[in-house]
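# Observations on chain architecture
Chain by chain, the residues run as shown.
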Amino acid sequence: RALLVSDPEATAAAAALSVHAGFYLDPPNLPGLAHFCEHMLFLGTEQYPQENSFRFFLSQKGGNLNAFTREQDTTYFFDVSPSALKDALERFGTFF
């Protein structure tokens, strides 16, 4: 499912993605695996291998990122200036 909300007068843009992988799905011998993966995700990708490059990109464009792990889902999200949304989405997509 996808939800798109657009406001041409907004001063910030944001995106979020939830995956069905929360801590209830951790294997018994690996408690905390979903939360660990949450933190590992933003370390880098093949296309953008430098550690924390997405966080740096967002901070240069007036934005930030975060994530949280719940019982059955993990959600990753960011905000950025509207003019940088396209590039931010491209980078964000490389994590998945």
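Residues numbered from 1 in each chain as written. Predicted model: local features only at pLDDT ≥ 70, side-chain atom pairs only at ≥ 80, totals over all residues. Heavy atoms only, no water.

## Some remarks on the overall build of the chain
Convention followed: Counting from the N terminus, the helices are DSSP H or I runs at least four residues long and the strands are E runs at least two residues long. The rule is simple: take the accessible area with a 1.4 Å probe, protein chains only, and divide by the maximum for that residue type; under 20% is buried, over 50% is exposed, in between is partly exposed. To measure how exposed things are, a 1.4 Å probe is used in the Shrake-Rupley method; for residues, cover is taken only from the protein chains shown.
When helices and strands are tallied, the chain shows 3 helices and 3 strands. Walking the chain from its N terminus toward its C terminus, one meets helices and strands in the order β-α-α-β-β-α. Across its three principal directions, the C-alpha atoms of the chain cover 50 × 30 × 15 Å. Buried residues in the chain amount to 29% of all 96 residues. Here the chain displays about 6,900 Å² of accessible surface, and carbon together with sulfur accounts for 55% of that area.

## A closer look at the nonpolar core
Put simply, the rule is: Buried Ala, Val, Leu, Ile, Met, Phe, Trp, Tyr and Cys residues form a nonpolar core when they are joined through side-chain atoms within 4.5 Å. Throughout, a residue-residue contact means that at least one pair of heavy atoms, one from each residue, lies within 4.5 Å.
Among the nonpolar cores identified, the biggest contains 16 residues, and Phe42, Phe54, Leu58, Phe78, Val80, Ala88 and Phe92 are the most heavily contacted of them. Broken down by secondary-structure element, the contributors of at least two residues to this core are strand 1 (13-19), helix 2 (53-60), strand 2 (64-69), strand 3 (74-80) and helix 3 (85-93). Ignoring any residue separated from it by four or fewer positions in sequence, one finds phenylalanine 78 in contact with Ala13, Ala14, Ala15, Phe54, Leu58, Asn64, Leu65, Leu85, Ala88, Leu89 and Phe92.

## Side note on the packing of aromatic side chains
This is how it is decided: Only Phe, Tyr and Trp rings take part, Trp by its six-membered ring, and two of them pair if their centres are within 6.5 Å. Stacked means planes under 30 degrees apart, edge-to-face means over 60, and tilted covers everything else.
Evaluated as defined, the whole model comprises 11 aromatic pairs. Residues phenylalanine 42 and phenylalanine 54 carry aromatic rings whose centres are separated by 6.2 Å and whose planes lie at 25° to one another, so their mutual orientation is stacked. Of this pair, phenylalanine 42 sits in the loop between helix 1 (33-41) and helix 2 while phenylalanine 54 sits in helix 2, and the two are 12 residues apart along the sequence. Residue classification places phenylalanine 54 among the buried positions, given a relative accessible area of 2%. One aromatic cluster is present, built from ring pairs that chain together Phe42, Phe54, Tyr76, Phe78, Phe92, Phe95 and Phe96.

## Notes on the packing of helix 2 against helix 3
Rules: Axis geometry follows a simple rule: fit a line to the C-alpha atoms, using only the stretch in contact for helices, then measure angles between N-to-C directions, giving values from 0 to 180 degrees. Any angle from 65 to 115 degrees is called roughly perpendicular, while one under 35 is roughly parallel, one over 145 is roughly antiparallel, and all others are oblique. For this classification, Asp, Glu, Lys and Arg are treated as charged, while Ala, Val, Leu, Ile, Met, Phe, Trp, Tyr, Cys and Pro are nonpolar and the rest, including Gly, are polar.
The contact between helix 2 and helix 3 brings their axes to 11 Å, and the two run at 170°. The pairing of helix 2 with helix 3 is recorded here as roughly antiparallel in orientation. Every residue of helix 3 that contacts helix 2 at Ser53, Phe54, Phe57 and Leu58 is listed here: Asp87, Ala88, Arg91 and Phe92. Of the residues belonging to the contact of helix 2 with helix 3, the class tally is 5 nonpolar, 1 polar and 2 charged.

Geometric descriptors of this kind do not, in isolation, establish any biological role.
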